[in-house]
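Commentary on secondary and tertiary structure
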Amino acid sequence: MPATIVVGTQWGDEGKGKFTDLLAKEMSMVVRYQGGHNAGHTLVVDGEKFKLQLVPSGVLYDHITPVIGNGVVVDPFVLLTEMDMLRQRGINVEKMVVSGNAHLILPYHQQLDALHERHLGKAKLGTTKRGIGPAYADKAMRLGIRVQDLLDEEIFREKLQTSLGHANKVLTKVFNRLPIDPDQLADKVMSECLEGLAPYIGDSVNIIHEALEGGQHVLFEGAQATFLDLDHGTYPFVTSSNPTAGGACAGAGVGPRHIDRIVGVAKAYVTRVGAGPFPTELFDDYGDKMVDIGREFGTNTGRRRRPGWVDAVMLRHAVRLNSLTEMAITKLDVMDTFDTVKICVAYEIDGKRVETLPYHQSEVHRAKPIYEEFPGWKTDLTAATEPGHLPEAAASYLRRLEAQIGVPITLVSTGPGRSQFLHWDS
Ligand code: GDP
Ligand code: IMO
Ligand code: MG
């Protein structure tokens, strides 16, 4: 019953999409288990770029069954648009399954997301304004509407009355906005989404278990990342789901015994979109180079990502939180022209050296990175496809990072393309 999880170990955009696509070659099924269209996963195959938000990254292979698990929040309009985009580009999406238990994101969730952000003013989180937080809040409040409700119009209209009844009070009385008419919205969803989505709605838990019981390989694709996790991230500057590996169990309906491989994905440096603490953040030329060369602008919102040196303190914590069996490193090529490269190996907090991530976030805000510095390799790595192709400076940087993280680095990505990677064996 082999199952693998791909999980982001920083603040997102590590290249989970690329490695999911890569690993999917050997799998039968790829399952998204949390998040929604706040995700932006980019795949580059034969020079062609695909930007996915909701559809699992294995979709480019004909042999893959893409599954949107129960833990995902689904904007039906976005999902249909994405499926159409894929069809137009010749990708077969017909095998896709959307969990009936996944919750819907509807336009009022997006409106509330934007209003909450405005209300927070300077304290805003910098969300993607995709309605993620309000949709998960409705789920927790037992006001959510599930994908399966679309299949019973009477139930759908009834639930929308209740859910929107609550949202309208907030919109009108708290934010002084106009209410949304539940009947009009129900008409719109029914007329624009039902026909397109109905054939794909199903019992994802059963489908995943039948695959596992049949000995097929299932890959769980994380969105967002460890330090955006609602419980383990830098709260409140987090998303509203559990991207950490444990989230795959709840968000797909499998027990932990099924999981035998957990691949963390980390950039060779770090980026973060939106607000929140970031001990190794750079405001210098190296940071600008990371953004320029790495094209660090959000796949989803186009925002400039904040850059910084790789942080082994956080990665060690990510190893623990996710029970990582291995790590995949991406974007090593972005540092090809750097004179020096740095790894943060510990923090200095109030004059003391600290090697584990403090639980108290005030300390994370005060943490000063302690770096080890290495000479850059000054070599173009974008054609490297085996460890022997790496110059010694790049290899020793990876060996040091591996020693710091504490789990083997198994894969190294040296460019956005599907074939730009190597199996690393120190
Ligand atoms: P995800 O959200 O974790 O799937 O990552 P994103 O797709 O949002 O961001 C990663 C970006 O880096 C995408 O534009 C990828 O095409 C690109 N990328 C992935 N791996 C590499 C790599 O090794 N080198 C370079 N230069 N780009 C990469
Ligand atoms: P992928 O899957 C990077 C960030 C937002 C914001 C915070 C909360 O592509 O790695 P939300 O809209 O989720 O309520 O926003 O989380 N964020 C991401 N940052 N990559 C993502 O996804 C993200 N999804 C959300 O920028 O700081
Ligand atoms: Mg992304």
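As a reminder, the structure under discussion sits directly above these lines.
Below, the structure is looked at part by part. Every chain is numbered independently, its residues counted from 1 as its sequence is written. Each chain gets a letter, beginning with A, and each ligand a number, beginning with 1, in the order they are written. Confidence filtering applies because this is a predicted model: local features only for residues at pLDDT of at least 70, side-chain atom pairs given and counted only at 80 or more, and all residues used for totals across whole chains, interfaces and linings. Each side-chain value is worked out from all heavy atoms of the structure, with water and hydrogens disregarded.

**A short note on the site of ligand 1**
To be near a molecule or strand, a residue needs just one of its heavy atoms within 4 Å of it. In the neighbourhood of ligand 1, 19 residues make up the surrounding shell, with Gly15, Lys16, Gly40, Asp333 and Ser413 lying closest. Any pair of nitrogen or oxygen atoms within 3.5 Å is treated as a polar contact; in protein, a donor-acceptor pairing is required on top of that, and neighbouring residues in sequence qualify only through side-chain atoms on both sides. In this structure, an oxygen atom belonging to ligand 1 sits 3.4 Å away from a side-chain N or O atom of Arg305. Within the backbone of Lys331, one N or O atom sits 2.9 Å away from an oxygen atom of ligand 1. Each accessible area is a Shrake-Rupley estimate made with a 1.4 Å probe; only the visible protein chains count as cover when residues are assessed. Notes on ligand 1: free accessible area 580 Å², of which the protein chains cover 92%. Going through the elements one at a time, helix H1 (16-24) and strand S3 (41-45) are the ones with two or more residues in the shell around ligand 1. What counts as a helix is a DSSP run of H or I of at least four residues, what counts as a strand is a run of E of at least two, and both are numbered from the N terminus. In terms of residues, the shell around ligand 1 owes the most to one element, H1, which gives three residues. Any residue that is not Ala, Val, Leu, Ile, Met, Phe, Trp, Tyr, Cys, Pro, Asp, Glu, Lys or Arg is counted as polar, Gly included; the first ten are nonpolar and the last four charged. Grouping the constituent residues of the shell around ligand 1 by class yields two nonpolar, 10 polar and seven charged.

**Concerning the site of ligand 2**
Residues in close proximity to ligand 2 total 20 residues, the closest being Asp13, Lys16, His41, Thr128 and Thr239. Taking Asn38, its side chain carries an N or O atom lying 2.9 Å from an oxygen atom of ligand 2. Summarising the interface, the protein chains cover 98% of the accessible area of ligand 2, which totals 550 Å² for the free molecule. Of the residues that constitute the shell around ligand 2, the class distribution is seven nonpolar, 10 polar and three charged.

**Some thoughts on the nonpolar core**
Ranked by size, the top nonpolar core spans 58 residues in total, and within it Ile5, Ile208, Phe220, Met327, Met335, Tyr397 and Leu401 carry the most contacts. Counting residues per element, this core draws most heavily on helix H12 (residues 392-405), which supplies six residues. We call two residues contacting when some pair of their heavy atoms lies within 4.5 Å. Filtering out sequence-adjacent residues up to four positions away, Met327 remains in contact with Thr9, Gly264, Val265, Ala266, Leu315, Ile405, Val407, Pro408, Ile409, Thr410 and Leu411. In this structure, Val98, Ala102, Val189 and Met190 belong to the second largest nonpolar core, which totals 44 residues. Here, the term nonpolar core denotes a set of buried Ala, Val, Leu, Ile, Met, Phe, Trp, Tyr and Cys residues that are joined through side-chain atoms within 4.5 Å. Here's how the labels work: a residue is buried when its accessible area is under 20% of the maximum for its type, exposed when over 50%, partly exposed in between, all with a 1.4 Å probe on protein chains only.

**Concerning the coordination of the magnesium ion (ligand 3)**
Around a metal, the perfect tetrahedron of four donors has angles of 109.5 degrees, and the perfect octahedron of six donors has angles of 90 or 180 degrees. Within the protein, the atoms that donate to the magnesium ion (ligand 3) are Asp13 (OD) and Gly40 (O), at distances of 2.0 to 2.2 Å. Remark: Gly40 occurs in the loop between strand S2 (29-32) and S3 and Asp13 occurs in the loop between strand S1 (3-8) and H1; sequence separation between them is 27 residues. A donor here means an N, O or S atom no more than 2.8 Å from the metal, or no more than 3.2 Å when the metal is Na, K or Ca. Since water is not included, a site may seem to lack partners.

**Comments concerning the packing of helix H5 (residues 153-174) against helix H6 (residues 182-197)**
Orientation is described by axes fitted as lines to C-alpha atoms, over the contacting stretch for helices, and by angles from 0 to 180 degrees between their N-to-C directions. Contact pair H5 / H6: the axes reach a minimum separation of 10 Å and the direction vectors enclose 135 degrees. On the basis of their axis angle, the class for H5 and H6 is oblique. Pair H5 / H6 crosses with right-handed handedness. Side by side, H5 and H6 meet where Glu153, Phe156, Arg157, Leu160, Gln161 and Leu164 of the first sit next to Pro182, Asp183, Leu185, Ala186, Asp187, Val189 and Met190 of the second. Among the residues making up the contact of H5 with H6, the classes are represented as eight nonpolar, one polar and four charged. Each angle gets one of four labels, with under 35 degrees taken as roughly parallel, over 145 as roughly antiparallel, 65 to 115 as roughly perpendicular, and the rest as oblique. Should the near helix be turned counterclockwise from the far one by less than a right angle, the crossing is left-handed, whereas a clockwise turn marks it as right-handed.

**Some words on the packing of aromatic side chains**
In this analysis, rings of Phe, Tyr and Trp, with Trp reduced to its six-membered ring, are considered paired at centre separations within 6.5 Å, and the interplanar angle assigns stacked below 30 degrees, edge-to-face beyond 60, and tilted for intermediate values. Counted under the stated rule, the structure contains seven aromatic pairs. Between Phe374 and Tyr397 the ring centres are 6.1 Å apart and the planes differ by 85 degrees, which places this aromatic pair in the edge-to-face class. Of the two residues, Phe374 sits in strand S17 (residues 368-375) while Tyr397 sits in helix H12, which places them 23 residues apart along the sequence. On the basis of relative accessibility, which here comes to 14%, the residue Phe374 falls in the buried class.

**Some points on the pattern of salt bridges**
A pairing counts as a salt bridge when a side-chain nitrogen of Lys or Arg comes within 4 Å of a carboxyl oxygen of Asp or Glu. A complete count under the given rule lists 21 salt bridges for this structure. Where Arg157 meets Glu153, a salt bridge forms, and the shortest distance between an N and an O atom there is 2.9 Å. Separated by four residues within a single helix, Arg157 and Glu153 lie in helix H5, roughly one turn from each other. A residue is classified by how much of its surface remains accessible, and Arg157, at 23% relative accessible area, is partly exposed. Judged by relative accessible area, which is 38%, Glu153 ranks as partly exposed.

**Some remarks on the pairing of strand S10 (residues 218-221)**
Burial along S10 is two-sided: Val218 and Phe220 and Leu219 and Glu221, pointing in opposite directions, are all buried. Should DSSP find at least two bridges between two strands, the strands are regarded as paired. The pairing of S1 with S10 spans four bridges and is classified as parallel. Note on S10: the bridge partner recorded for Ile5 is Phe220.

**Brief notes about the sheet that holds strand S18 (residues 409-413)**
Taken in spatial order, the 10 strands line up as S9-S7-S5-S2-S10-S1-S11-S14-S18-S19 in an open sheet, and their pairing is mixed. The sheet terminates laterally at strand S9 (201-202) and strand S19 (421-423), the two strands that pair on one side only. Here helix H7 (residues 204-213) sits on the sheet in contact with S1, S2, strand S5 (65-68), strand S7 (97-99), S9 and S10, set at roughly 145 degrees to S2. On the sheet, H12 packs against strand S14 (326-330) and S18 and is oriented at approximately 135 degrees with respect to S18.

**Overview of unusual backbone geometry**
Of note, the bond from Tyr235 into Pro236 is cis; its omega dihedral lies within 30 degrees of zero at 5 degrees. For Arg142, which is not glycine, the phi dihedral falls at a positive 65 degrees. Relative to the assigned elements, Arg142 resides in the loop between helix H4 (132-140) and H5. Although it is not a glycine, Arg295 sits at a positive phi angle of roughly 50 degrees. Along the chain, Arg295 falls in the loop between helix H9 (285-293) and strand S13 (306-311).

The quantities given are spatial measurements derived from coordinates; they are silent on function.
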